[in-house]
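Here is what each chain is made of, one letter per residue.
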Amino acid sequence: MGGGNGCKAKKAQERKAAHAQTGSKAKSQLKSNAKAQNIICQQCKQSFMCTTNEGQMRQHAESRHPTYTAHDCFPDHIPA
Ligand SMILES: [Zn+2]
């Protein structure tokens, strides 16, 4: 008798664990999506992937905002 109950409980627990895993996976995906574009040009508010390197930021500043420095466009990423 007792054995049957234990098996049932284990199954329910496994299902619960699987569900929790799916939930956290979807959540982390959402989080990484938001994180993927976290560089924003302060002059034109264009967003860039977080993988954008300094050279690309400087290039954007030079071609789009010749009157500003790269630091003006990306103060958090380009030192003054
Ligand atoms: Zn810009």
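Everything that follows concerns the structure shown earlier in this document.
Residues numbered from 1 in each chain as written. Predicted model: local features only at pLDDT ≥ 70, side-chain atom pairs only at ≥ 80, totals over all residues.

**Examining the overall build of the chain**
Logical step 1: Within the chain one finds 3 helices and 2 strands.
Logical step 2: Each helix and strand of the chain, placed in order from N terminus to C terminus, yields the pattern α-β-β-α-α.
Logical step 3: Expressed as a percentage of the 80 residues in the chain, the buried residues total 6%.
Logical step 4: In the chain, the share of contacts with a sequence separation of at least 24, taken over all contacts with a separation of at least 6, comes to 27%. (Helix = DSSP H or I, 4+ residues; strand = E, 2+ residues; numbered from the N terminus. Buried ≥ 20, exposed ≤ 12 C-beta atoms within 10 Å, placed from the backbone. Contact = placed C-beta atoms within 7 Å.)

**Regarding unusual backbone geometry**
Logical step 1: The phi torsion at K45 lies on the positive side, around 65°, for a residue other than glycine.
Logical step 2: Locating K45 in the fold gives a position in the loop between β1 (39–40) and β2 (47–48).
Logical step 3: On the basis of neighbour counts, which here come to 7 C-beta atoms within 10 Å, the residue K45 falls in the exposed class.

**As for the environment of A80**
Logical step 1: Position of A80 relative to the elements: it lies in the segment after α3 (70–73).
Logical step 2: Since 7 C-beta atoms lie within 10 Å of it, A80 is described here as exposed.
Logical step 3: Sequence-wise, A80 and T69 are 11 residues apart; in three dimensions their C-alpha atoms are separated by 8.5 Å.

**Re the environment of M57**
Logical step 1: Residue position: M57 is located in helix α2 (residues 54–64).
Logical step 2: When the C-alpha atoms of M57 and C41 are compared, they prove to be 8.5 Å apart, with 16 residues separating the residues in sequence.
Logical step 3: Every residue in contact with M57, bar those within four places of it in the chain, is listed here: T52, A70, C73, F74, H77 and I78.

**Points about the environment of E54**
Logical step 1: By the secondary structure assignment, E54 is in helix α2.
Logical step 2: In this structure the C-alpha to C-alpha distance between E54 and A70, which are 16 residues apart in sequence, comes to 8.9 Å.

Worth remembering: the numbers are spatial, not functional.
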